[in-house]
Amino acid sequence: MSVHQIRKHAVLPPIICRSDKEFLESVQRYIITETERLGCSEEGPADEYYIIYRNVFDKVIEHITAYKSILTSIKKEYDAFIETIKKDRRTTFCLHGKLKGLAAEPTALVYYRKRTIQLEAKMRIIESNSSKIQSQIDHIKQCRAEYDTKEVKYCTFSKDPSKPIPGMTLQESMNLDALTKYMKHLEDKYAEIKQAMLIKYVPAQRKADLDEEMIVLLKRRDVAENLNKKLQFWFNELISLGEYEKAACYAANSPRRILRNIGTMNTFKAVGKIRGKPLPLLLFFEALFITSHAFPCPVDAALTLEGIKCGLSEKRLDLVTNWVTQERLTFSEEAGDVICDYGEQDTYNKAKCLALAQIVYSECGLHKKAILCLCKQGQTHRVMEYIQQLKDFTTDDLLQLLMSCPQVELIQCLTKELNEKQPSLSFGLAILHLFSADMKKVGIKLLQEINKGGIDAVESLMINDSFCSIEKWQEVANICSQNGFDKLSNDITSILRSQAAVTEISEEDDAVNLMEHVFW
């Protein structure tokens, strides 16, 4: 067989021995482990990758002894080449900076010259004004000198003690009652001045005490600043080392709440997400809220809001639930709105979100929104109890609630007597409002329910309704007739006409209340 024929046959790949295979696997594990430990992305920093693969190259050289010299020479050349590239890059960066500085010099010179002209003009204006002011001062001094000369010339004698008292006539100065009254005026003025001295002026000893107190406070401030610097240093050290959980606990337990603020939160937020690890910002809020009971004041509203946003963005509703129900936080309307919005997106947990939002709104005194959350949960009885506890919940508020949550069961509870008390809302006004607000379906359901009870139920409803006038009930009857409830319409009209004092329903009865005709 010739050499040419032998070359035509396929050449088998080299067989790797077991030791070489284990070496290659260990090298691959080393590369993967070091890359993950350094937190490098797939495009990672060139310098860190260079260090990893340089170490791998050294291991390969040590393993392959036969080619050690040639591989060492190759590595040496590569290292020299890379170092030359780094040096050229630094040189290029410096030269680029110098070039930008040189390019900006002409523009800067133009601005300096322009600024010089502006300052010279301003100096001239100032000098002109100064000369005018100086001439005015000289004139005033001259006038004052002339006045002092005249006063010395004409007032050389001393004051005469027998001169009349200022502010009193000669006749009054001879009247004992007038003198007594004037003396009382002077005593009151003296007392007023004395009181003003006690308020407006401080004794010298008190001033010394205040100075000492100021010195003590300044020393405390310096101590606090030094402590703040130390805490910031160690906190930043933990952040730089990637110990985010330790850094979060350190910030949350910092003395005097120095690191429990928005600035620290922004530091954790700037770290961002790390693949395969919990969000550092969430770790900060977990530590912050868990330790809230250890401090006299609860976590402020701004941090509470940001914490709830962070927890919901990470889909940790369990954490938010625990924070709202167990920890000492400061709630706000925005926090409740954020939880409600999250419930609208996550329909599975909507009921839980509404319950949490209701707690937040109740704590903030936002009773309308709290009641709306209860309505959306279908807790009608709790809604009624809540409304009865509120004294300033008006009819307009109830109608607005119906527009936001038009539930038949809720309207029925609001328009019925509860514990022998008048209904919270007029049935007739509720029907009219629903039809006028394009909520015809809900209004028809209510009419169907009341139609089932017969004329006695309708009459009882109308008698107990002290808010709806005769004309409004006639409108309700017309609506019933228009929507196919002829029997109900006739019952309402019959009840209106059966009252002893009512013979005809006219437009002039607008202000008349049905109760006035029932109990006449």
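Please refer to the structure placed before this passage.
Because the structure is a prediction, the values reported are computed rather than measured. (Residues numbered from 1 in each chain as written. Predicted model: local features only at pLDDT ≥ 70, side-chain atom pairs only at ≥ 80, totals over all residues. Heavy atoms only, no water.)

Trainee: How do you make sense of a nonpolar patch on the surface when you look at a structure like this?
Mentor: On the surface, a cluster of nonpolar side chains totalling about 430 Å² of accessible area is made up of Tyr67, Ile70, Ile74 and Tyr78. With respect to the helices, strands and loops of the structure, isoleucine 74 is situated in helix H4 (residues 68-154). You can call isoleucine 74 partly exposed: its relative accessible area is 34%. (Patch = residues over 30% accessible without salt bridge, like charges linked within 9 Å, V, L, I, M, F, W, Y side chains within 5 Å. Areas by Shrake-Rupley, 256 points an atom, 1.4 Å probe, with all protein chains shown as cover. Salt bridge = Lys/Arg side-chain N within 4 Å of Asp/Glu carboxyl O. Helix = DSSP H or I, 4+ residues; strand = E, 2+ residues; numbered from the N terminus. Buried < 20%, exposed > 50% of the residue type's maximum accessible area, 1.4 Å probe, protein only.)

Trainee: How should I be thinking about the pattern of salt bridges in this particular structure?
Mentor: Oppositely charged side chains are able to pair whenever their charged atoms sit close together. Throughout the structure, instances matching the rule amount to 13 salt bridges. A salt bridge links arginine 90 to glutamate 83; the shortest N-O distance between them is 3.9 Å. Among the salt bridges present, the one from lysine 269 reaches glutamate 306, with a minimum N-O distance of 3.9 Å. Note that lysine 269 is positioned in helix H9 (residues 262-271) and glutamate 306 in helix H11 (residues 301-313), a separation of 37 residues in sequence. For lysine 269, a relative accessible area of 42% puts it in the partly exposed group. The structure contains a network of salt bridges with shared partners spanning Asp58, Lys75 and Asp79.

Trainee: Where do I start with the side chain of threonine 380 in this structure?
Mentor: Locating threonine 380 in the fold gives a position in helix H16 (residues 380-389). When residues no more than four places from it in sequence are discounted, the contact partners of threonine 380 are Glu409, Leu410 and Cys413. (Contact = heavy atoms within 4.5 Å.)

Trainee: Honestly, the packing of helix H8 (residues 244-252) against H9 in this entry has me stumped. Any pointers?
Mentor: How two helices pack is summed up by the angle between their axes together with the distance between the axes. Put simply, H8 and H9 touch, their axes get as near as 11 Å, and they point 170 degrees apart. Relative to H9, the element H8 lies roughly antiparallel. From H8, Tyr244, Ala247, Ala248 and Ala251 reach across to H9, where they touch Thr264, Phe268 and Val271. When its residues are assigned to classes, the contact of H8 with H9 shows 6 nonpolar, 1 polar and no charged. (Axes fitted to C-alpha atoms, helices over the stretch in contact; angles between N-to-C directions. Parallel < 35°, antiparallel > 145°, perpendicular 65-115°, else oblique. Nonpolar A, V, L, I, M, F, W, Y, C, P; charged D, E, K, R; others polar.)

Trainee: In this structure, what is going on with the side chain of threonine 291? I would like to understand it.
Mentor: Mapped onto the elements, threonine 291 comes out in the loop between helix H10 (280-290) and H11. Separated by 3.1 Å, the side chain of threonine 291 and the backbone oxygen of leucine 288 make a polar contact. (Polar contact = N/O pair within 3.5 Å; in protein donor to acceptor, adjacent residues only side chain to side chain.)

Trainee: I tried to follow the packing of aromatic side chains on my own but got confused; where do I start?
Mentor: A complete count under the given rule lists 5 aromatic pairs for this structure. Here the aromatic rings of phenylalanine 289 and tryptophan 323 are separated by 4.7 Å at their centres, their planes lie at 70 degrees, and the arrangement is edge-to-face. Taken as a pair, phenylalanine 289 in helix H10 and tryptophan 323 in helix H12 (residues 317-326) lie far apart in primary sequence, 34 residues in all. Among the aromatic residues, ring-to-ring pairing joins Phe235, Phe268, Phe284, Phe285, Phe289 and Trp323 into one connected group. Positioned over the ring face of tyrosine 30 is lysine 59, at 3.7 Å from the centre of the ring. (Phe/Tyr/Trp six-rings, centres within 6.5 Å; stacked < 30°, edge-to-face > 60°. Lys NZ or Arg CZ within 6 Å of the ring centre and 35° of its normal.)

Trainee: Would you explain helix H19 (residues 427-436) in this entry?
Mentor: Counting buried residues in H19 gives 7 out of 10 residues, a clear majority hidden from the surface. All buried positions along H19 are accounted for by Phe427, Gly428, Ala430, Ile431, Leu432, Leu434 and Phe435. Looking one or two residues beyond H19, the residue adopting positive phi is aspartate 438, at roughly 60 degrees.

Trainee: Is there a simple way to think about the nonpolar core in this case?
Mentor: Inside soluble globular proteins, nonpolar side chains tend to come together where they are buried. Ranked by size, the top nonpolar core spans 93 residues in total, and within it Phe284, Phe285, Ile339, Ile371 and Ile492 carry the most contacts. Looking at this core, the element that brings in the most residues is H10, giving 8 residues. With residues near it in sequence (within four places) discarded, isoleucine 371 still touches Val383, Tyr386, Ile387, Leu390, Phe393 and Leu401. (Core = buried A, V, L, I, M, F, W, Y, C linked by side-chain atoms within 4.5 Å.)

Trainee: I keep staring at the packing of H19 against helix H20 (residues 440-452) and nothing clicks. Help me out?
Mentor: Closest axis-to-axis distance for the H19/H20 pair is 7 Å, and the angle between their directions is 145 degrees. Here H19 and H20 pass one another in a crossing that is left-handed. Contacts between H19 and H20 pair Phe427, Ile431, Leu434 and Phe435 from the former with Lys440, Val442, Gly443, Ile444, Leu446, Leu447 and Ile450 from the latter. Each residue belonging to the contact of H19 with H20 can be placed in one class, and the counts come to 9 nonpolar, 1 polar and 1 charged. (Left-handed = near helix turned anticlockwise from the far one by under 90°.)

Trainee: I keep staring at unusual backbone geometry and nothing clicks. Help me out?
Mentor: Most peptide bonds are trans, and most residues other than glycine sit at a negative phi. At lysine 315, a position not held by glycine, the phi torsion is positive, near 60 degrees. By the element assignment, lysine 315 lies in the loop between H11 and H12.

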